[in-house]
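Notes for the structure review
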Amino acid sequence: MIILKILGIAALIAVIFFVVTFTVYFFNLDMKLTAALEPLFLKHYDKIKRDKHL
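Rules behind the numbers
- Residues numbered from 1 in each chain as written.
- Predicted model: local features only at pLDDT ≥ 70, side-chain atom pairs only at ≥ 80, totals over all residues.
- Heavy atoms only, no water.
- Helix = DSSP H or I, 4+ residues; strand = E, 2+ residues; numbered from the N terminus.
- Expected span 1.5 Å × (residues − 1).
- Phe/Tyr/Trp six-rings, centres within 6.5 Å; stacked < 30°, edge-to-face > 60°.
- Buried < 20%, exposed > 50% of the residue type's maximum accessible area, 1.4 Å probe, protein only.

1. Side note on helix α1 (residues 2-26)
The first and last C-alpha atoms of α1 sit 36 Å apart over 25 residues, in line with the 36 Å expected at 1.5 Å per residue. Positive phi shows up at N28, right after α1, with a value of about 55°.

2. Re the environment of L42
Note on placement: L42 falls in helix α2 (residues 29-46). Separated by 27 residues in sequence, L42 and V15 place their C-alpha atoms 37 Å apart.

3. Section: the packing of aromatic side chains
As enumerated under the stated definition, the model contains 4 aromatic pairs in all. Seen in terms of ring centroids, F18 and F22 are 6.0 Å apart; in terms of plane orientation they differ by 20°. Their pairing is stacked. Of the two residues, F18 and F22 both sit in helix α1, 4 residues apart, roughly one turn of that helix. Under the relative-accessibility criterion, F18 is labelled exposed at 52%. Residue F22 is classed as partly exposed on the basis of its relative accessible area, which comes to 42%. Ring centres of F26 and F27 lie 5.1 Å apart, and the angle between their planes is 90°; on these two criteria the pair is classed as edge-to-face. On the basis of relative accessibility, which here comes to 45%, the residue F27 falls in the partly exposed class.

Printed below as a string of structure tokens:
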């Protein structure tokens, strides 16, 4: 009885995980977040000192 309950909870977690990841994939939310954060990334990487001697 307890094993069925554990398997049911595991299956529910797997379905929720699938729905969340599919939603992120379908609406391309990962790249939208990256595009929104790009100015912060650029500001950070523009401050890094680089050795320009080749």
